[in-house]
Amino acid sequence: MASPDEAREARIRLPQLRLDELLEELQARLDAARGTRDRVHSLLEAVLSVGRELNLEQALRSIVEAAAVLVEAEYAALGVIGPDGTLLSDFLTVGISDEQIARIGPYPQGHGILGELIRHPEPLRLAKLSDHPASYGFPPHHPPMNSFLGVPIRVRDQVFGNLYLTEKRGGAQFDEEDEAVLSTLAVAAGVAIDNARLYEESRLRERWLRASTEITERLMSGMDGGDVLGLIADRAMEIASASLAVVAVPMADTDALTVDLAIGEEAEAHRGLVLPVDDSLIGRAFSCGAPITSADVCRDERVSSGPPRFHGLGPAVAVPIGSGDGVRGVVLLVRAAGRPAFSGEETEPLQGFAAQAAVAMELAERRRDSEQIAVLEERDRIARDLHDLAIQRLFATGMTLQSAGRFIEHQEASGRVLRAVDDLDETIKIIRSTIFGLRAHDTSTGPGLRARAVRAVGEAAALLGFAPSLRMEGLLDTHVSRETADEVMAVLSEALTNVARHAHASKTDVALETDGREVRLTVSDNGVGIPATGRRSGLRNMEERARRLGGDMELTTGSEGGTTLVWRAPVGEH
């Protein structure tokens, strides 16, 4: 039994212990309040920091960095969701070096846990990633990750993307407070992303307006229509962040379009290419008079057959030049593979910009018409002057000499005068022929070489079972004479017939080119090649046609089959 002194000492110590416990509890609550205050302060700083960013890419970077700091996560990522419900290439990470990313390989597409958050856009907190049924595991070289916290980012009630946080520092687990903090940041992030988007849209419209003003000024200054089209394609490719720009225009007397201009990646493969209106991406935009988009031009069935020409390219949009019955062509813009598809917000100003191309082509045609009218009027004036002045004077001079000849007794002198009168009559005939030539309008005897080639290739499709690709370059209708054009068409028809009968090919490419001095026809296929035995009268006929015009013909067979025919001849006198 305790003594009275010990009992008194125990009664004194008990309040002290209770006081110490209360003080410790108070300290703990103060520390918690201080921690909460600091965290709220950090959250406010993060919200303000994110809200200040107007550049979308920088805003996304700020969001993912702030999220990692707020919940003390070792790794953080932000994935943007595409229209098809998969993650786009805009995948931002924190905590993983560029070397690690290169070793891991391609960014995730939205499977496993990341896909779970896409399918169910609600906060998701896990103590161990691998325990979830949707877990796919990690690719080689990926750092180990256990604890997980993910929240969606909404922009105007639409899910823009998701924030992914893993590996809370110190081996702890993400708690409800972390989830609340991250959800609050996601709300602020949605507002910041919306602001950044609106800012970028306004800047984009400003760039389109500046480009339109530039085009208008160039048109008013008398810039050539072809140069204006080149400028339009260049500015459209630059503003739309495209890697390739193509301008196709309709061909006269045909139901096809020809690529009049191409700049950027793979441009050489497009120049001069002839595209069907009914069976091509560009042709459909032309026929319906409305923009046509493609998520991946390399895999789009609407892209017509022909030589490979979209290597490394992806999203595309074809925009008609003009509207309604006044469509004058199509502008095709193609972005690099992996880039985002063309949105409606981007296509709308592009349509207005394409209208500038229609104006350019209209003005160029009007300028050519006015120049041609001026030339014809000048020809009429020269013809009138020759008829009214030169011929009358020559005729009067001839009459005078003829009258004077009767008074000349010297026989040789009289003969010279008579010869001079005959020369004057011949000169009058020449001038009258010249007048007729000046006044005669340029009447075409039929469709040009371009239209004839398109028609021949189209007719061959029924025999081949597929449509051959056709590419044409140079002023074929202007430089190539009618006689040479007839020979070219005979050779083209014979070559395509040979492919249909003997090659067993599934692909045929036709190229028709001229540099103003010679015309060159190339027909290649992926068939069985030229047999060692068999009739060769058709080949001899084609070779003889070339030699008759002063040209030549080459025929080669690839090591793995296929035949290439190259036929050349001078353009002749037009």
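Quick note: structure is the one above.
Concerning the overall build of the chain
Secondary structure summary: the chain contains 13 helices and 16 strands in total. Considering only intrachain contacts with a sequence separation of at least 6, the fraction spanning at least 24 residues in the chain is 61%. As displayed, the chain offers around 32,200 Å² of accessible surface, 51% of which is attributable to carbon and sulfur atoms.

Re a negative patch on the surface
Together, E57, E200, E201 and E345 make up a negatively charged patch on the protein surface. Accessibility expressed as a relative area gives 32% for E201, which makes it partly exposed.

Comments concerning the pattern of salt bridges
If charged atoms from side chains of opposite charge come close, those side chains can pair. Inspection of every chain in the model, using the stated rule, returns 23 salt bridges. A salt bridge links E543 to R547; the nearest nitrogen and oxygen atoms lie 2.8 Å apart. Of this pair, E543 and R547 both sit in helix α13 (residues 537–548), four residues apart, which is roughly one turn of the helix. Residue E543 is classed as partly exposed on the basis of its relative accessible area, which comes to 27%. Classification of R547 by relative accessible area gives exposed; the value is 54%. With a shortest N-O distance of 3.4 Å, E554 and R568 are connected by a salt bridge. Here the residue E554 occupies a position in strand β15 (residues 552–557), and R568 occupies one in strand β16 (residues 563–570), the gap between them amounting to 14 residues. The partly exposed category is assigned to E554, whose relative accessible area is 40%. Look at the salt bridges and you will find they share partners, linking R471, E473, E513, E518, R520, D552, E554 and R568 into a network.

A few points about the packing of helix α10 (residues 449–464) against helix α12 (residues 482–503)
For any two helices packed against each other, one specifies the inter-axial angle together with the distance between the axes. Contact geometry of α10 with α12 gives a least axis separation of 10 Å together with a crossing angle of 15°. Taken together, α10 and α12 sit at an angle that is classed as roughly parallel. Where α10 crosses over α12, the handedness of that crossing is right-handed. When α10 is examined against α12, the residues L449, R452, A453, A456, V457, A460, L463 and L464 are found in contact with a partner set consisting of R482, A485, D486, V488, M489, L492, L496, V499 and A500. Looking at side-chain class alone, the contact of α10 with α12 contains 14 nonpolar, no polar and three charged residues.

Quick word on the environment of P250
The topology assignment puts P250 in strand β6 (residues 244–250). Relative accessible area serves as the criterion here: at 39%, P250 is assigned to the partly exposed category. Distance in space between the C-alpha atoms of P250 and G329 is 6.3 Å, their sequence separation being 79 residues. Each residue touching P250, except ones within four places of it in the same chain, is listed here: A256, L257, F286, R328 and G329.

Quick look at helix α2 (residues 56–70)
Relative to the 21 Å expected for 15 residues at 1.5 Å per residue, α2 spans 21 Å between its end C-alpha atoms, a close match to the ideal helical length. If you check which residues of α2 are buried, you get L56, A59, L60, S62, I63, V64, A66, A67, A68 and L70.

Thoughts on the sheet that holds strand β9 (residues 292–294)
Taken together, the 11 strands give an open sheet; going across it, the order is β9-β10-β11-β6-β7-β8-β12-β13-β14-β16-β15, and neighbouring strands pair in mixed fashion. At either end of the open sheet lies a strand with only one pairing partner, and these are β9 and β15. Within the sheet, the average angular offset between the axes of one strand and its neighbour, ignoring direction, is 20°. For strand β8 (residues 273–276) and strand β12 (residues 469–473), the ladder comprises two bridges, and the chain directions are antiparallel. Within β12, the position partnered with V274 by the bridge is L470. Contacting β6, β7 (256–264), β8, β9, β10 (313–321) and β11 (329–336), helix α7 (residues 281–288) crosses the sheet at an angle of about 140° to β11. Taken strand by strand, α10 contacts β7, β8, β12 and β13 (508–514), and its axis lies near 170° from that of β12.

About the criteria used
Residues numbered from 1 in each chain as written. Predicted model: local features only at pLDDT ≥ 70, side-chain atom pairs only at ≥ 80, totals over all residues. Heavy atoms only, no water. Helix = DSSP H or I, 4+ residues; strand = E, 2+ residues; numbered from the N terminus. Contact = heavy atoms within 4.5 Å. Areas by Shrake-Rupley, 256 points an atom, 1.4 Å probe, with all protein chains shown as cover. Patch = residues over 30% accessible without salt bridge, like charges linked within 9 Å, V, L, I, M, F, W, Y side chains within 5 Å. Salt bridge = Lys/Arg side-chain N within 4 Å of Asp/Glu carboxyl O. Lys, Arg positive; Asp, Glu negative; His and termini not counted. Charge placed at Lys NZ, Arg CZ, Asp CG, Glu CD. Buried < 20%, exposed > 50% of the residue type's maximum accessible area, 1.4 Å probe, protein only. Axes fitted to C-alpha atoms, helices over the stretch in contact; angles between N-to-C directions. Parallel < 35°, antiparallel > 145°, perpendicular 65-115°, else oblique. Left-handed = near helix turned anticlockwise from the far one by under 90°. Nonpolar A, V, L, I, M, F, W, Y, C, P; charged D, E, K, R; others polar. Expected span 1.5 Å × (residues − 1). Pairing = 2+ DSSP bridges.

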